[in-house]
Amino acid sequence: STPFDNVDEAADFPEMDEPEFLPIEYKVKKKGGILKMTAELLEDTASNIMAYINKWIAKKTKATRNAMILKVLNEMTKGKEVTVENLDSLKDIFNEQLDPAIAESSIVIKDKDGNYILQKDPTQQTKGKMLFGEYPIIKLSKKTLASEKIMNTDGHTIDGYKHPIFCGDLKEAVTLFDRNVLTIDLNDKGAGLWDKDMTGIKVRDRFDVQPVDKGAVIKGQIT
């Protein structure tokens, strides 16, 4: 953002720069699957099996959306990764490379290693850590946020890893276009179900993720 021009008394107001709008094309994709369960499992389980299944589906839905968001973040930052060699190079991301307005609302996404760079958030007594006491940390498993192997010239030996760390404001960087149509349907009369005394649980979700502001996130790689 740039400041307004001065306007003298009784003078005409000058034209000012206009905000730049970019068309964002998205195509809602359908995700889902069918979980088959026996009648005995549904009838004889002492605990509430459907409550567990609903919780399991919620986790799977979250994992699916996180995977698509991370895929877009990797595509946005491909070829522009920043090598993080020490704490100073990590500070440079926030102090020099991110727009100050973006840095102010930034978070950090990393895997579960590297606790030495984290500080406890004094406002959260039971959980939560901050990078440099300022930027909230979101820690993901290595399965979700995979490290990149550094291969030896022989093509077989692993010399090390590049551990990804995303810094920025993800709400500015990407948009999730959600159709809010997550559905869970039960059917025991479908093909291959009734004759085997089984129930099918079909989960269906529709959404898409697209980049919006490529300057709002930086991918660091800790070697």
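Refer to the preceding data block for the structure.
Colleague: Could you clarify how one ought to interpret the overall build of the chain in this entry?
Modeller: Each helix and strand counted, the chain has 5 helices and 12 strands in total. Structurally, the chain occupies a C-alpha span of about 85 × 55 × 45 Å along its principal axes. Out of the 223 residues belonging to the chain, those deemed buried represent 30%. Counting only contacts in the chain whose residues sit at least 6 apart along the sequence, the fraction spanning at least 24 positions is 71%. Of the roughly 15800 Å² that the chain leaves accessible, carbon and sulfur atoms contribute 51%. The average position of the 33 basic charges and that of the 37 acidic charges among the side chains of the chain differ by 12 Å.

Colleague: I'm lost on helix H3 (residues 87-97) in this one. Help?
Modeller: It helps to recall that an α-helix has 3.6 residues per turn; residues three or four apart then point in one direction. Those residues of H3 lying buried are Ser89, Leu90, Ile93 and Phe94. Buried residues of H3 fall within an arc of 150° about the axis and therefore sit on the same side. Exposed and facing more than 90 degrees away from the buried side of H3 are Asp88, Asn95 and Glu96.

Colleague: Honestly, helix H2 (residues 49-77) in this entry has me stumped. Any pointers?
Modeller: Given a rise of 1.5 Å per residue, 29 residues ought to cover 42 Å, and the 42 Å separating the end C-alpha atoms of H2 matches this to within 8%. The backbone nitrogen of Met50 lies 3.3 Å from a side-chain oxygen of the residue at the head of H2, namely Asn48. Just downstream of H2 lies Gly79, where phi reads positive at about 85°.

Colleague: Looking at this model, I keep getting lost on the pattern of salt bridges. Mind explaining?
Modeller: Note on pairing: side chains with opposite charge can pair once their charged atoms come close. Enumeration according to the criterion identifies 5 salt bridges in this entry. Where Asp178 meets Arg65, a salt bridge forms, and the shortest distance between an N and an O atom there is 3.1 Å. Taken as a pair, Asp178 in strand S9 (residues 174-178) and Arg65 in helix H2 lie far apart in primary sequence, 113 residues in all. Judged by its relative accessible area of 17%, Arg65 is buried.

Colleague: Mind showing me how you'd approach the packing of aromatic side chains here?
Modeller: All chains considered together, the criterion is met by 2 aromatic pairs. An angle of 5° between the planes, with centres 3.9 Å apart, marks the rings of Tyr26 and Phe177 as stacked. Linking Tyr26 in the segment before strand S1 (29-38) with Phe177 in strand S9, this pair joins segments that are 151 residues apart in sequence. Between Phe94 and Tyr135, the ring centres sit 3.9 Å apart and the planes meet at 15°, which makes this aromatic pair stacked.

Colleague: Any chance you could explain a negative patch on the surface here in plain terms?
Modeller: Residues Asp5, Glu15, Asp17, Glu18 and Glu20 make up a contiguous surface patch of negative charge. Structurally, Glu20 is set in the segment before S1.

Colleague: Mind showing me how you'd approach the pairing of strand S6 (residues 135-140) here?
Modeller: Along any regular strand the residues' side chains alternate between the sheet's two faces. Here strand S3 (residues 107-111) runs beside S6; their pairing, made up of 4 bridges, is parallel. Bridging across to S6, Lys110 finds its partner in Lys139.

Colleague: What exactly am I supposed to notice about the environment of Val217 here?
Modeller: Tracing the backbone through its elements, the reader meets Val217 in strand S12 (residues 217-222). For the pair Val217 and Leu170, spaced 47 residues apart in sequence, the C-alpha to C-alpha distance is 6.8 Å.

Colleague: Explain the nonpolar core to me, please; I cannot follow it from the model alone.
Modeller: Nonpolar side chains tend to gather and get buried jointly when the protein is soluble and globular. Core analysis: the largest hydrophobic core is formed by 33 residues, its most contacted members being Leu73, Ile93, Phe94 and Val174. By residue number, the principal contributor to this core is H2, which donates 6 residues. Apart from the residues lying within four places of it in its own chain, the contact partners of Phe94 are Ala103, Ser106, Val108, Leu131, Tyr135 and Cys167. Grouped together as the second largest cluster of nonpolar side chains are 6 residues, Met37, Ile49, Ile53 and Ile201 included.

Colleague: What is the right way to read the side chain of Gln221 from this model?
Modeller: Inspection of the secondary structure puts Gln221 in strand S12. Discounting chain neighbours no more than four positions away, the residues touching Gln221 are Glu81, Val82, Thr83, Val84, Glu148, Lys162, His163 and Ile165.

Thresholds, definitions, all that
- Within every chain, residues take consecutive numbers counted from 1 along the sequence as written.
- Reporting in this predicted model follows two pLDDT cut-offs: at least 70 for local features of residues, and 80 or more for side-chain atom pairs to be given and counted; totals over whole chains, interfaces and linings ignore these cut-offs and use all residues.
- Processing note: side-chain calculations cover all non-hydrogen atoms of the structure and skip hydrogens and water entirely.
- In this text, helices come from DSSP runs of H or I with a minimum length of four residues, and strands from runs of E with a minimum of two, each type numbered from the N-terminal end.
- To sort residues, take the accessible area from a 1.4 Å probe on protein chains only and compare it with the maximum for the residue type: under 20% means buried, over 50% means exposed, and anything in between is partly exposed.
- Contacts are assigned to residue pairs with any non-hydrogen atoms lying within 4.5 Å of each other.
- Computed by Shrake-Rupley with a 1.4 Å probe, the accessible areas treat only the displayed protein chains as cover when residues are assessed.
- Charge convention: Lys and Arg are scored as positive, Asp and Glu as negative, and His as well as the terminal groups of each chain are ignored.
- In plain terms, the charge of a residue is placed at NZ if it is Lys, CZ if Arg, CG if Asp and CD if Glu.
- It is the directions from the helix axis to the C-beta atoms that the arc portrays.
- To estimate how far a helix should extend, the number of its residues minus one is multiplied by 1.5 Å.
- What qualifies as a polar contact is a pair of N or O atoms within 3.5 Å, subject to a donor-acceptor requirement within protein and to the restriction that residues adjacent in sequence count only when both atoms come from side chains.
- Criterion for a salt bridge: a side-chain nitrogen of Lys or Arg within 4 Å of a carboxyl oxygen of Asp or Glu.
- Aromatic contacts are taken between Phe, Tyr and Trp rings whose centres are within 6.5 Å, Trp giving its six-membered ring; a plane angle under 30 degrees counts as stacked, one over 60 as edge-to-face, and the others as tilted.
- Patch rule: a residue counts if its relative accessible area is over 30% and it has no salt bridge; like charges are joined within 9 Å, and nonpolar side chains (Val, Leu, Ile, Met, Phe, Trp, Tyr) within 5 Å.
- When DSSP locates at least two bridges between a pair of strands, those strands are taken to pair.
- To form a nonpolar core, buried Ala, Val, Leu, Ile, Met, Phe, Trp, Tyr and Cys residues must be joined to one another through side-chain atoms within 4.5 Å.

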